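# Chain and residue survey
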Amino acid sequence: MPKIMVDGKLIEAKDRQMILQACNDAGLVLPQYCYHPGLSIPASCRICLVEVEGLPKLVPSCQTPVRDGMVVHTKSSKVIANQKQVMEYLLINHPLDCPVCDQAGECYLQDYSYQYGRSQSRFEEDKVKNPKKDVGDNIYLYADRCIMCTRCVRFTREVSGTSELFVEGRGHKEEIAIFPGKPVNNKLAGNVVDLCPVGALLDKDFLFKQRVWLLKRSASVSPADSGGENIYIEYNEGVVYRIKPRYNADVNQWWISDDTRYSYKPLHSEQRICTARRTEHGAQVESGFEEAYQSAISGLKQVVEQNGAGSLYAMFSPMMACEEAWLLGQAIRSIDPQAMLILGPVPSAGQDEVFKNPANGKQTFVIKAEKVPNSAGVRRVIQMLGGPTATFDDVIANRKSELRSLKGGWIVGGYLSNWAQLNLPALLQSGFRVVQDILPNAIVDRADVVLPSAAWAEKDGCWENFNGRIQAFTAAVPPPGGARREGDVYLKMLGRSGLYNAEMIRKEMGEPFAALALPAEEEHEPAPQFVEL
Ligand code: SF4
Ligand code: FES
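Structural notes, computed from the coordinates. (Residues numbered from 1 in each chain as written. Chains lettered and ligands numbered in written order. Predicted model: local features only at pLDDT ≥ 70, side-chain atom pairs only at ≥ 80, totals over all residues. Heavy atoms only, no water.)

This part covers the sheet that holds strand β7 (residues 139-141). Here we have three strands laid out as an open sheet, ordered β6-β7-β10, and antiparallel in their pairing. On the outer flanks of this sheet lie β6 (133-136) and β10 (201-203), each paired with one strand and no other. Neighbour-to-neighbour, the strand axes of this sheet turn through a mean angle of 35°, independent of strand direction. Of the strand pairs in this sheet, β7 and β10 are connected by three bridges, and their pairing is antiparallel. Within β10, the position partnered with Leu141 by the bridge is Leu201. (Pairing = 2+ DSSP bridges. Helix = DSSP H or I, 4+ residues; strand = E, 2+ residues; numbered from the N terminus. Axes fitted to C-alpha atoms, helices over the stretch in contact; angles between N-to-C directions.)

In this description, a pair of aromatic rings is defined by centroid distance and the angle of the planes. Enumeration according to the criterion identifies 11 aromatic pairs in this entry. Each ring, one from Tyr247 and one from Trp254, has its centre 5.0 Å from the other, and the planes form 40°; the classification is tilted. In this structure Trp254 comes out as partly exposed when scored by relative accessible area, which is 23%. Each ring, one from Trp410 and one from Tyr490, has its centre 6.2 Å from the other, and the planes form 70°; the classification is edge-to-face. Of the two residues, Trp410 is situated in strand β21 (residues 408-412) and Tyr490 in helix α12 (residues 486-493); the sequence distance between them amounts to 80 residues. (Phe/Tyr/Trp six-rings, centres within 6.5 Å; stacked < 30°, edge-to-face > 60°. Buried < 20%, exposed > 50% of the residue type's maximum accessible area, 1.4 Å probe, protein only.)

As a matter of local geometry, ligand 1 sits amid Cys146, Ile147, Met148, Cys149, Thr150, Cys152, Ile176, Cys196, Pro197, Val198, Ala200 and Leu201. The cavity that encloses ligand 1 is the largest cavity. Each residue belonging to the shell around ligand 1 can be placed in one class, and the counts come to 11 nonpolar, one polar and no charged. (Near = heavy atom within 4 Å. 1 Å grid on protein atoms, 1.4 Å probe; cavity = no way out; pocket = protein on both sides within 12 Å on 5 of 7 lines; lining within 4 Å. Sits in = over half its atoms within 2 Å of the grid points. Nonpolar A, V, L, I, M, F, W, Y, C, P; charged D, E, K, R; others polar.)

So, on to empty space enclosed by the protein. One pass over the structure, following the stated rule, counts four cavities of 30 Å³ or more. If you add up the space inside the largest cavity, you get close to 80 Å³. Counted by class, the lining of the largest cavity contains 12 nonpolar, one polar and one charged residues. As a volume, the second largest cavity reaches approximately 60 Å³. Along its surface, the second largest cavity is lined by His94, Asp97, Cys98, Cys101, Ala104, Cys107, Gln110, Arg145 and Gly199. Here the residues of the lining of the second largest cavity are counted per class, giving four nonpolar, three polar and two charged. (Points joined across faces, edges and corners; volume = space filled by probe spheres on them.)

Here it is as structure tokens:
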């Protein structure tokens, strides 16, 4: 392992690492625009130049490999003079519109200008002005804020493999552009906004909605598919404003799909179910949550009294956390010890979408075809609970004789889109049905009792992705008034006091859940406050 001396500090680098990578790993701060660990290294922005003893001129630290015994200076007068010059050039045509720029507060240009730039501009001529351009369904390009780092261009070439963006013109006329009629609409397009170190590429969805310093964030996992992409949910005062990637070397690296990026939309849908309902004289009427809950329990008990053990079922959703599934299984069997446990529909869209770097054919990202996050985890929990079980295919085909004895059930939804568009199997159209869900659909409309529930970002838990990786996620915002977290409802059914606590439930579940580590403390905010039912 080569050892290098940086500003008098000895650091150990990895073989074939660049000086900048070694400094980043050692926590030494060096300015960097065009360098990104997930992309090729063009060394074009020149802000990272350092002085290396024995070399005649400054070298780009992002593109200069370490050598054992190398002595590097990052704060010498030559280095500082270069940083000031680079900043002055970059700001020549910059509109200096930080007060109205979405990137303000997380802008490299702003930060480096403060740390490495001059406090005054010597440029008195007219600036080149470039109007805002619409470059994709979700993306605007504010070209006069661009510093030509080419991160966005390299992403579309090397990661999405779609090459929509390119550099047009030369010199001070250089500009990021798209080919006519070919907008940046690939399924990973939002990553170019994350990659842009300044406010040049902005997400239309987030535009002018919040100042970034007001946002808090919680570490979570994508609900959009079974890939388990790691994310941050960014929110303020109970409202989620955006989703950003959370680096995980083994899952999604630095990227997320646009399905994940915009998966928070249903949380604040105007159609969210916020009021409980129960059936009176054959029609649904609005009800207090407690009243509806009591009708649900008495209705289910009546089914068992009239039909005996084995007449109830619970239909689990692949959107549920494993901990919730564990509690629901026990809760339904506290009413009917022979209740059947069924995993509900698992929507899928054709084949996995695989992205490759066209230059070397290497796979860079996969969007899974299965459009729910936890079918594997719920299946595992149902197996752990044992007893009578069936699959949704059994239900559709009416394949098991025990299914014909079912006269009532507890059905959980929580899907991000309308999951009940399929032809409803007979089981879901008859008997006494209690439905917990977040959005209206045909099953909710026909339920005997409707209990509004919490969406994924409103509760803690864990999901198991397609290849068996179990990952914890934390609540960002509380559920809307009138809705209750599923875990709290199941604890009440079990006669247990206290609030649902995912970590505690995981301990009860034993391995492999008990040892699951939460994302590091600094990565999530304290959970929202909930009230006991
Ligand atoms: S638009 Fe952003 S990411 Fe693309 S070259 Fe300009 S500054 Fe870099
Ligand atoms: S970060 Fe090294 S030249 Fe841009």
